[in-house]
Amino acid sequence: MSGSAAFDAWSAGNSYEHYMGRWSRLVAEKFVAWLSPPEQAAWLEIGCGTGALTAAILAGAAPRSILSIDPSADFVAHARAAIGDGRASFEVADALKLPAQPASIDVVTSGLVLNFIPDRPAALAEMQRVLKPDGLLSFYVWDYPGGGIGFIHAFWKAAVEIDPDAAKLGEGVRFPFCTREGLLALCREAGWREVAIAPVEIETRFEDFEAFWQPFTLGAGPAPGYCMSLTEDHRARLKARLAERLGATGPISLAARAWMVKASRRG
């Protein structure tokens, strides 16, 4: 594992849900509405995590079926237990080897995952393999270069002030392609046409600073993984710096922005 990916811990379902899953659900609902997918479609979801996008598809897209995969057995177990809809099935699988026959899927989708797949061109090619000729490719990623997740951006900014080496760990540095232009280029290079890209924003609100800080101590995700790798003294200094910046009392409200993408094979 490369140094920049050393803290990408994606295994604890309950911890991830508290750190990111609750915000992912808000984006997922808006994404499905924007996507306006066909009803009674066969879906394949890559990187289901704790099931935020799966639930949004079941609630808002009237799918015939959805196969949701994730490389984490813990996430798959969490999502399977949380979602009892008979149209949904869950499987431990990899984005580079999708468990579907060629040209068998109506909609391939992914939420907040594509940037974490090292070989993105290969992943997009695998999506194309399983998608029907008139199928729909869709995904969304956080606008990391634009400071897309306010609470994570604030975390890394404070971390770098105390530890300059942390600069290479932030998602904005690691995923510079997560812009409108970068995502369009990625899709075009993969041979996709009729590419549509739109922003979506939500509010992330914490009742006080402790509610803001606590998810970073759970270890699920790059920032929490880094946070819990620190010595107790270093972590205390980071917490104090964040409290100084954001305020130690009262609610904290920060914006989060993602890019939504949909494309077809024909154009």
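Residues numbered from 1 in each chain as written. Predicted model: local features only at pLDDT ≥ 70, side-chain atom pairs only at ≥ 80, totals over all residues. Heavy atoms only, no water.

### A closer look at the nonpolar core
So the rule is basically this: Side-chain atoms within 4.5 Å are what join buried Ala, Val, Leu, Ile, Met, Phe, Trp, Tyr and Cys residues into a set we call a nonpolar core. Categorising residues by exposure relies on relative accessible area from a 1.4 Å probe, with only protein chains included: less than 20% of the type maximum marks a residue as buried, more than 50% marks it as exposed, and the intermediate range marks it as partly exposed. Here a residue-residue contact requires only that any non-hydrogen atoms of the pair lie within 4.5 Å.
The biggest cluster of nonpolar side chains holds 92 residues, and the ones touching the most others in it are Trp 142, Phe 151, Phe 155, Trp 156, Phe 212, Leu 238 and Leu 242. Setting aside residues up to four positions removed in sequence, Leu 242 forms contacts with Ala 154, Phe 155, Ala 158, Phe 209, Phe 212, Trp 213 and Gly 247.

### Some remarks on the packing of aromatic side chains
Here is the rule: Think of it this way: a Phe, Tyr or Trp ring, Trp meaning its six-membered ring, pairs with another when their centres are within 6.5 Å, and the plane angle makes it stacked under 30 degrees, edge-to-face over 60, tilted otherwise. Working rule: Lys NZ or Arg CZ, within 6 Å of ring centre, within 35 degrees of ring normal, means a charge sits over the ring.
For the structure on display, the rule yields 15 aromatic pairs. By the ring-pair criterion, three or more aromatic residues cluster together here, those being Trp 23, Phe 151, Phe 155, Trp 156, Phe 206, Phe 209, Phe 212, Trp 213, Phe 216 and Tyr 226. Above the ring of Trp 34, the side-chain terminus of Lys 262 is found at 4.6 Å from the ring centroid.

### Side note on the pairing of strand S3 (residues 88–92)
Selection criterion: Should DSSP find at least two bridges between two strands, the strands are taken to pair. Where helices and strands are cited, they refer to DSSP runs of H or I of at least four residues and of E of at least two residues respectively, numbered from the N terminus. When the strands point away from the viewer, a crossover counts as right-handed if the path from the first strand over the helix to the second runs clockwise.
Sheet analysis places strand S2 (residues 65–70) next to S3, joined by five bridges and oriented parallel. Bridging across to S3, Ile 66 finds its partner in Ala 88. In this fold, S2 hands off to helix H3 (residues 73–82), which returns the chain to S3; that crossover is right-handed.

### Structural notes on helix H4 (residues 120–130)
For clarity, the cut-off: Taking the helix axis as origin, the arc is that swept by the directions to the C-beta atoms. Nitrogen and oxygen atoms within 3.5 Å of one another constitute a polar contact, given that in protein one can donate a hydrogen and the other can accept it, and given that sequence-neighbouring residues count only through two side-chain atoms.
Residues Arg 120, Ala 123, Leu 124, Glu 126, Met 127 and Val 130 constitute the buried set of H4. Each buried residue of H4 lies within a common arc of 155° when the element is viewed along its axis, so the set occupies one face. The backbone nitrogen of Ala 122 lies 3.2 Å from a side-chain oxygen of the residue at the head of H4, namely Asp 119.

### Observations regarding the environment of Ile 46
Structurally, Ile 46 can be placed in strand S1 (residues 42–46). In the structure, Ile 46 is positioned 77 residues away from Ala 123 in sequence and 9.8 Å away in space, judged by C-alpha atoms. Beyond its immediate chain neighbours, meaning those up to four positions away, Ile 46 contacts Ile 69, Ala 95, Leu 98, Val 108, Thr 109, Ser 110, Gly 111, Val 113 and Met 127.

### Some details on the pairing of strand S5 (residues 131–142)
Of all 12 residues making up S5, nine are buried, and the element is well covered by its neighbours. The sheet contact formed by strand S4 (residues 105–111) and S5 spans six bridges and is parallel. Paired with Thr 109 across the two strands is Ser 138, which belongs to S5. Each parallel crossover has a hand, and the one from S4 via H4 to S5 is right-handed.

### Topic: the side chain of Asp 143
By the secondary structure assignment, Asp 143 is in the loop between S5 and helix H5 (150–162). Other than its neighbours up to four places away in sequence, Asp 143 contacts Gly 148, Cys 178, Arg 257, Ala 258 and Trp 259.

### Some details on the pattern of salt bridges
What counts here: One speaks of a salt bridge when a side-chain nitrogen belonging to Lys or Arg is within 4 Å of a carboxyl oxygen belonging to Asp or Glu.
Counted by the stated rule, this structure contains 11 salt bridges. Linking Glu 210 and Lys 239 is a salt bridge whose minimum nitrogen-to-oxygen distance equals 3.1 Å. Of the two residues, Glu 210 sits in helix H8 (residues 209–213) while Lys 239 sits in helix H10 (residues 232–246), which places them 29 residues apart along the sequence. Each of the salt bridges in this network shares a partner with another, and the network as a whole consists of Arg 64, Asp 106 and Lys 132.

### Quick word on the packing of H5 against helix H9 (residues 222–229)
Here is the rule we go by: Comment: axis = line fitted to C-alpha atoms, over the contacting stretch for helices; angle = value between 0 and 180 degrees taken between N-to-C directions. Two helices cross in a left-handed way if the nearer one is turned anticlockwise from the farther one by less than a right angle. They cross in a right-handed way if the turn is clockwise. As a working rule, the residues Ala, Val, Leu, Ile, Met, Phe, Trp, Tyr, Cys and Pro are called nonpolar, Asp, Glu, Lys and Arg charged, and the rest polar, with Gly in that last group.
Packing of H5 against H9 brings their axes to within 10 Å, and their N-to-C directions diverge by 35°. With respect to the hand of their crossing, H5 and H9 are arranged in left-handed fashion. Every residue of H9 that contacts H5 at Phe 155, Trp 156 and Ala 159 is listed here: Pro 222, Ala 223, Tyr 226 and Cys 227. Across the contact of H5 with H9, the residue classes break down as seven nonpolar, no polar and no charged.

### Things to note about the confidence of the model for the chain
As a reminder of what qualifies: Per residue, pLDDT measures the predictor's confidence, with a range of 0 to 100.
On average, the chain scores 90 in pLDDT, and the residues at 70 or more come to 92%. Confidence drops under pLDDT 50 across residues 6–13; counting only partners more than four residues distant or on other chains, this segment forms 29 contacts.

### Let's talk about the side chain of Ser 110
Mapped onto the elements, Ser 110 comes out in strand S4. A residue is classified by how much of its surface remains accessible, and Ser 110, at 1% relative accessible area, is buried. When residues no more than four places from it in sequence are discounted, the contact partners of Ser 110 are Ile 46, Leu 53, Ser 138, Phe 139 and Tyr 140.

### Some words on H3
Turning to H3, its buried residues are Phe 75, Val 76 and Ala 79. Relative to the axis of H3, the buried residues are bounded by an arc of 100° and lie together on one face. Relative to its buried face, H3 has exposed residues pointing more than 90 degrees away, namely Ala 73 and Ala 81.

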